[in-house]
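Coordinates in review
These are the residues of each chain, in order.
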Amino acid sequence: MKLAMASGQMPTGAMPVVATVTRLGTDEPAAAAQAPFVMLYTTWLAAFVGAIMMTLSTRARPDRGRVAVTRTVLPIAIMGVASLVLSIIVGATVGWSVLLPVWLAVWSTTLALTWFFVGLLSVLGLWMIAVILPLVFYQSAIGGVMMPAAAAPEWLTAITGWAGLDALGAAYRGVVHGIALPYPAMLIAIFAVIGLGLIWLRTQMPVRHPAPAPTTA
């Protein structure tokens, strides 16, 4: 597709490579092909929406220490329940043997991303939504669950390729299909540590006092 568009032509649909493929595994339900995409997209969307709601619901509270505790602890339970619901759906459509691995992978990932997004919104402000939003909705391309990461637009891979986010999509595929693909624990831990650091850094920042209301004579 890239070569055709570069030469000003429309893709013909002809396959450039013909291969004989021998399946090494057993046949899987049709839902197994879509499950990694659903898991990855739901992970990022839940973390994004949850972070916005968490930030808005706690930002006006005066006790910053309690706010930081709430933003740290509450997502553990919320994302645990949400990821359990998702894993039950995947288990019911793909196979119950994947329920626990899917739950653990989605829970840890969604929790780390929620902390990360909450931290960014807490310290930098709600304008960060404009930066996070494209990252969330382009996960089908940069996450590597629907197509190889190299097939994504060049401008997109140039921005996000250094982060190695496609490793998460590969790990999700491995969980669903029973393939030994490594989970990017270091990448997820970095998101979690940065997020928690920003959440608690907010407690040490000066309070922004609103401008006084004008008085009348």
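Computed from a prediction, not measured in an experiment: that's the story for all the values here. Every chain begins its residue count from 1, and numbering advances along the sequence as written. With pLDDT at 70 or above as the cut-off, local features in this predicted model cover only qualifying residues; side-chain atom pairs require 80 or more to be listed or tallied, and sums for whole chains, interfaces and linings still use all residues. Only hydrogens and water are set aside; all other atoms, that is, all heavy atoms of the structure, feed into the side-chain values.

1. Some details on the overall build of the protein
- For helices the rule is a DSSP run of H or I covering at least 4 residues; for strands it is a run of E covering at least 2, with both sets numbered from the N terminus onward. The helix and strand inventory of the protein stands at nine helices and zero strands.
- Listing every helix and strand of the protein by position from the N terminus yields α-α-α-α-α-α-α-α-α.
- Burial statistics for the protein: of 217 residues in total, 37% are counted as buried.
- Any two residues whose heavy atoms approach within 4.5 Å are treated as being in contact. Here the analysis covers contacts within the protein between residues at least 6 apart in sequence; of these, 72% occur between residues at least 24 apart.
- For the protein, the accessible surface area stands at approximately 13,000 Å², while carbon and sulfur atoms represent 72% of it. Categorising residues by exposure relies on relative accessible area from a 1.4 Å probe, with only protein chains included: less than 20% of the type maximum marks a residue as buried, more than 50% marks it as exposed, and the intermediate range marks it as partly exposed. In these tables, accessible area is a Shrake-Rupley quantity obtained with a 1.4 Å probe, and a residue counts as shielded only by the protein chains included in the view.

2. Notes on the packing of helix α4 (residues 99–124) against helix α5 (residues 129–137)
- What counts as an axis is a line fitted to C-alpha atoms, over the stretch in contact for a helix, and the angles between N-to-C directions run from 0 to 180 degrees. In the contact formed by α4 and α5, the axes pass within 11 Å of each other and the chain directions differ by 160°. Taken together, α4 and α5 sit at an angle that is classed as roughly antiparallel. Packed against α4, whose contacting residues are F117, L120 and L121, the element α5 presents I129, I132 and V136 at the interface.
- Ten residue types, Ala, Val, Leu, Ile, Met, Phe, Trp, Tyr, Cys and Pro, are classed as nonpolar, four, Asp, Glu, Lys and Arg, as charged, and the remainder, Gly among them, as polar. Classifying every residue of the contact of α4 with α5 gives six nonpolar, no polar and no charged. Working definition: roughly parallel below 35 degrees, roughly antiparallel above 145 degrees, roughly perpendicular at 65 to 115 degrees, and oblique for all remaining angles.

3. Describing the side chain of T203
- Within the secondary structure, T203 sits in the segment after α9 (185–201).
- Assessed through its relative accessible area of 19%, T203 is described here as buried.
- Of note is the side chain of T203, whose polar atom sits 3.3 Å from the side chain of Q204.
- If we ignore the near neighbours within four places in the chain, the residues touching T203 are R64, G65 and A68. Nitrogen and oxygen atoms within 3.5 Å of one another constitute a polar contact, given that in protein one can donate a hydrogen and the other can accept it, and given that sequence-neighbouring residues count only through two side-chain atoms.

4. Structural notes on the side chain of T72
- Assignment of secondary structure puts T72 in helix α3 (residues 64–94).
- Here T72 is in contact with W115, L196, I199 and W200, once residues within four sequence places are set aside.

5. Re the nonpolar core
- The nonpolar core is taken to be a set of buried Ala, Val, Leu, Ile, Met, Phe, Trp, Tyr and Cys residues, with the residues joined through side-chain atoms within 4.5 Å. Of all hydrophobic cores here, the largest spans 43 residues; its most connected members are M39, W44, V90, F117, I132 and F191.
- If you list the elements that add at least two residues to this core, you get α2 (31–58), α3, α4, α5, α8 (166–177) and α9.
- Counting residues per element, this core draws most heavily on α4, at 13 residues.
- Residue contacts for I132: discarding those within four places in its chain leaves F48, F117, L120 and L121.

6. Here's the deal with the confidence of the model for the protein
- pLDDT measures the predictor's confidence residue by residue and takes values from 0 up to 100. Chain-level pLDDT for the protein is 84 on average; 84% of the residues reach the 70-or-more range.
- When mean pLDDT is taken per element in the protein, α4 scores highest with 95 and helix α7 (residues 154–160) scores lowest with 67.

7. Observations concerning the pattern of salt bridges
- In the sections that follow, a salt bridge refers to a side-chain nitrogen of Lys or Arg positioned within 4 Å of a carboxyl oxygen of Asp or Glu. By the definition in use, this model includes one salt bridge.
- Linking D63 and R66 is a salt bridge whose minimum nitrogen-to-oxygen distance equals 3.9 Å.

8. As for α4
- To estimate the expected span of a helix, count its residues, drop one, and scale the result by 1.5 Å. Here α4 spans 37 Å end to end across 26 residues, near enough to the 38 Å set by a 1.5 Å rise per residue.
- Counting buried residues along α4, 19 of its 26 residues qualify, which places the element largely inside the surrounding structure.
- In the stretch just after α4, G125 is the one whose phi turns positive, near 105°.

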